[in-house]
Amino acid sequence: MKSDYIWIDGQLIPYAEATVHMLTGTLHYGYGAFEGIRAYATERGAAIFRLREHLERFIGSARVLGLVEFPYTQDELRAAVHQTIRVNGFQGCYIRPLLYFDGAMGLNMDAATPHVSIATWEWGAYLGDEGLEKGVHMMVSSFTRHHINVTMTKAKITGNYANSVLAKTLALRAGYDEAIMLDPEGYVAECSGENLFLVRKGVVYTPPRATILEGITRDSVITLLGDLGYSVVEEPISRDQLYLADEVFACGTAAEVTPVRMIDHRPVGDGRRGPVAKALQDLFFQTVRGEGQRSAEWLDYVA
Ligand code: PMP
């Protein structure tokens, strides 16, 4: 996760000096917000995938958290992301904006001081290159996804992710690659950091938005599947529907489009990447590399 510089409050800080104090409120109580964005190498240089939508969600997360005034405009954040990528000389990279609070330490956010940082690093496939090709093994986690009125599923609030950390860590310790989380009613919600799709008898399904993070990759996947001639049905999905699916795949900025070959030791379909996931991956990677019909609309090229 190394880079030369991390952007903090308008300054480019050398990597080793980009630190916070022990009494940073966000560390103790989890009030902060973050984003996860990717830039890809294209023929025209680095291109950031759906930057506008990610920055809108970043500012939206702060609004859900209750920050009265975000310290930067979307245009200023965009310029900062471009600058950070340029100064580090990256082509393909992951981009991590973070809103955090320090100063007066306690539960009253209004007494603390907001800061924004932007880190970048070169990053491979989150669930592994083999996972992209052969699919991954997921477990249905015993940890429940947040109730929608507990920590707000639409916002990437730092403290919310303790729930994902519990699920992901246990899944890895148990020998799986990722955790699928059910909502408090028992319907399939999402993974620890990805949205989920299934295919059954030629129809693609995904859980409705109410209880999940509105993934930007999820939105892109719905559009790309439409371009491929598939319509996507958004409806509540049960655990056994996952077991009966012909294909399951996960998507997210980090995981991109990753097929699921097995869930709870039950092979999904024939236990290999299916044709819908393969066609979608091909179109997705073509798009992010600047070679797709949607590339012009979705890519922000770093000058
Ligand atoms: N769900 C959760 C809980 C996530 O953390 C993420 C990653 N941001 C996603 C879904 C996928 O969202 P996106 O495609 O916008 O990265």
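All figures in this text were calculated on a predicted structure; none of them were measured in a lab.

Q: I'd like a description of the overall build of the protein, backed by residues and values.
A: Along its length, the protein carries nine helices and 17 strands. A globule of 303 residues ought to have a C-alpha radius of gyration of about 19 Å, and the protein, at 19 Å, matches this closely. If you line up the protein on its principal axes, its C-alpha atoms span 55 × 45 × 30 Å. For the protein, buried positions account for 51% of its 303 residues. The contacts of the protein with a sequence gap of at least 6 include a subset with a gap of at least 24, amounting to 70%. Only carbon and sulfur atoms are counted for the fraction: they give 51% of the accessible area of the protein, which is about 13900 Å². Averaging the locations of the 28 positively and 37 negatively charged side chains of the protein gives two centres separated by 4 Å.

Q: Please set out the site of the ligand residue by residue, giving values where relevant.
A: In the vicinity of the ligand, 15 residues are found, and the nearest of them are K156, Y161, E190, T217 and T253. Between the ligand and the protein, one listed contact pairs an oxygen atom with a side-chain N or O atom of Y161 at 2.5 Å. Relative to its free-state accessible area of 380 Å², the ligand is covered by the protein chains to the extent of 96%. Of the residues contributing to the shell around the ligand, the split by class is three nonpolar, seven polar and five charged.

Q: Quick one: what's the story with the pairing of strand β7 (residues 112-121), residue by residue and with numbers?
A: Where burial is concerned, most of β7 is hidden: eight out of the ten residues are buried. Bridge analysis of strand β1 (residues 5-8) against β7 gives two bridges, and the strand direction is antiparallel. Bridging across to β7, W7 finds its partner in I118. Sheet analysis places strand β6 (residues 93-103) next to β7, joined by ten bridges and oriented antiparallel. Within the sheet, the bridge partner assigned to L98 lies in β7 and is S117.

Q: Any details on the side chain of T217? Residues and values, ideally.
A: Take T217: it is sitting in helix α6 (residues 216-227). Within the structure, the side chain of T217 is placed 3.1 Å from the backbone nitrogen of T253, a separation counted as a polar contact. Those residues in contact with T217 that lie beyond four places of it in its chain are C251, G252, T253, E256 and F284.

Cut-offs used in this document
Within each chain, residue numbers correspond to sequence positions counted from 1 in written order. Whole-chain, interface and lining totals are the exception, using all residues; otherwise, since this is a predicted model, local features are given only for residues with pLDDT of at least 70 and side-chain atom pairs are given and counted only at 80 or more. Excluded from the side-chain calculations are hydrogens and water; all other atoms, namely the structure's heavy atoms, are used. Helix numbering and strand numbering both begin at the N terminus, where a helix is a DSSP run of H or I of at least 4 residues and a strand a DSSP run of E of at least 2. Every radius of gyration here is taken over C-alpha atoms, with the globule rule written as 2.2 Å times N^0.38, N being the number of residues. Remark: exposure states derive from per-residue accessible area (1.4 Å probe, protein chains only) relative to the maximum for the residue type, with buried under 20%, exposed over 50%, and partly exposed in between. Note on contacts: a residue pair qualifies if any of its non-hydrogen atoms lie within 4.5 Å across the two residues. Computed with the Shrake-Rupley method and a 1.4 Å probe, the accessible areas treat only the protein chains shown as cover for residues. Charge convention: Lys and Arg are scored as positive, Asp and Glu as negative, and His as well as the terminal groups of each chain are ignored. Charge placement uses NZ in Lys and CZ in Arg. For Asp and Glu, CG and CD serve respectively. For this purpose, a residue is taken to be near a molecule or strand whenever a single non-hydrogen atom of the residue falls within 4 Å of it. N or O atoms closer than or at 3.5 Å make up a polar contact, with two conditions inside protein: a donor-capable atom paired with an acceptor-capable one, and, for residues adjacent in sequence, both atoms drawn from side chains. In this classification, Asp, Glu, Lys and Arg are treated as charged, Ala, Val, Leu, Ile, Met, Phe, Trp, Tyr, Cys and Pro as nonpolar, and every other residue, Gly included, as polar. By definition, two strands form a pair when at least two bridges between them are found by DSSP.

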